[in-house]
Amino acid sequence: TMTNIMSYAFIIPILPMIWEMSQRGVDTSDIAELVSRILSFGVVTVSGNLLKQLFKKLIDRFKR
């Protein structure tokens with residue numbers, strides 16, 4: 001779905017970041033970026049699901 005595509009746009013770039021951190025070591029800025037990407041993934045996923053449920057309920061209510 002579109003929500004999944006948008007969510008994974010934040011999570012896919014983490015893989016090269018993790019590889020690079022394993023090769024050269026971990027820096028605080030790397031951890032901050034990693035955490036922000038994971039939080040963004042969660043926010044997009046949760047908000048997308050909430051909007052989907054909201055629209056579904058509104059459509060069901062207006063069908064009656």
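Residues numbered from 1 in each chain as written. Predicted model: local features only at pLDDT ≥ 70, side-chain atom pairs only at ≥ 80, totals over all residues. Heavy atoms only, no water.

Novice: Tell me about the packing of helix H2 (residues 14-24) against helix H3 (residues 28-63), and name the residues and values.
Specialist: Contact pair H2 / H3: the axes reach a minimum separation of 11 Å and the direction vectors enclose 160°. Judged by the inter-axis angle, H2 sits roughly antiparallel to H3. For H2 against H3, the interelement crossing comes out left-handed. Within the contact between the two elements, H2 uses Ile14, Met17, Ile18, Met21 and Arg24 and H3 uses Asp30, Glu33, Leu34, Arg37 and Ile38. (Axes fitted to C-alpha atoms, helices over the stretch in contact; angles between N-to-C directions. Helix = DSSP H or I, 4+ residues; strand = E, 2+ residues; numbered from the N terminus. Parallel < 35°, antiparallel > 145°, perpendicular 65-115°, else oblique. Left-handed = near helix turned anticlockwise from the far one by under 90°. Contact = heavy atoms within 4.5 Å.)

Novice: Explain the side chain of Asp30 residue by residue, including any values.
Specialist: As for its placement among the helices and strands, Asp30 is situated in helix H3. Reaching out from Asp30, the side chain makes a polar contact with the side chain of Arg24 at a distance of 2.8 Å. Each residue touching Asp30, except ones within four places of it in the same chain, is listed here: Met17, Met21, Arg24 and Gly25. (Polar contact = N/O pair within 3.5 Å; in protein donor to acceptor, adjacent residues only side chain to side chain.)

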